[in-house]
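Each chain, letter by letter, is given below.
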Amino acid sequence: MNRPMQHARTPEEREKPTAPEVGSVARDAARDEVGEVMEVQEGRIFLRPLGGGREWDALPEDIEQLTAWEEHRARDTAARARGRGMPR
């Protein structure tokens, strides 16, 4: 299967973090917390714990986007915790 070639990214593009999409799951490295992206504004990303709870904001450079497997695992862990009546 032929795939279209991707252009090489410039140094500026490599340094600039890409903002996660609203509804995706991301890790805030500064807090070592995983949450669902609720809102993206200039200079801030707002996340909420997967099991519910208080929203917090993070700097874009502290946000790590999760792989599909990591996101699945985080959502599954939160669902299991809710089933056990745990806060997260």
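Check the entry above for the structure.
Residues numbered from 1 in each chain as written. Predicted model: local features only at pLDDT ≥ 70, side-chain atom pairs only at ≥ 80, totals over all residues. Heavy atoms only, no water.

Student: I keep staring at unusual backbone geometry and nothing clicks. Help me out?
Tutor: In terms of backbone geometry, most residues other than glycine have negative phi values and most peptide bonds are trans. Even without being glycine, Asp32 reaches a positive phi, approximately 55 degrees. Relative accessible area serves as the criterion here: at 62%, Asp32 is assigned to the exposed category. (Buried < 20%, exposed > 50% of the residue type's maximum accessible area, 1.4 Å probe, protein only.)

Student: Is there a simple way to explain the nonpolar core in this structure?
Tutor: Nonpolar side chains tend toward joint burial in soluble globular proteins. Formed by Ala26, Val37, Ile45, Leu47, Trp56, Ala58 and Ile63, the largest nonpolar core amounts to seven residues. Those elements that provide at least two residues to this core are strand 3 (44–49) and strand 4 (56–58). Beyond its immediate chain neighbours, meaning those up to four positions away, Ile45 contacts Pro20, Val37, Glu39, Val40, Trp56, Asp57, Ala58, Pro60 and Ile63. Ranked by size, the runner-up nonpolar core spans five residues in total, among them Val25, Leu50, Leu66 and Ala74. (Core = buried A, V, L, I, M, F, W, Y, C linked by side-chain atoms within 4.5 Å. Helix = DSSP H or I, 4+ residues; strand = E, 2+ residues; numbered from the N terminus. Contact = heavy atoms within 4.5 Å.)

Student: Which parts of the structure should I look at to understand the pairing of strand 1 (residues 25–28)?
Tutor: Sheet faces and side chains relate simply in a regular strand, where the side chains alternate between the two faces. Pairing geometry for strand 1 and strand 2 (residues 33–41), over four bridges, is antiparallel. Within strand 2, the position partnered with Val25 by the bridge is Glu36. Bridge count for strand 1 against strand 5 (residues 63–65) is three bridges, and the pairing is antiparallel. In the sheet register, Asp28 faces strand 5, and the bridge partner there is Ile63. (Pairing = 2+ DSSP bridges.)

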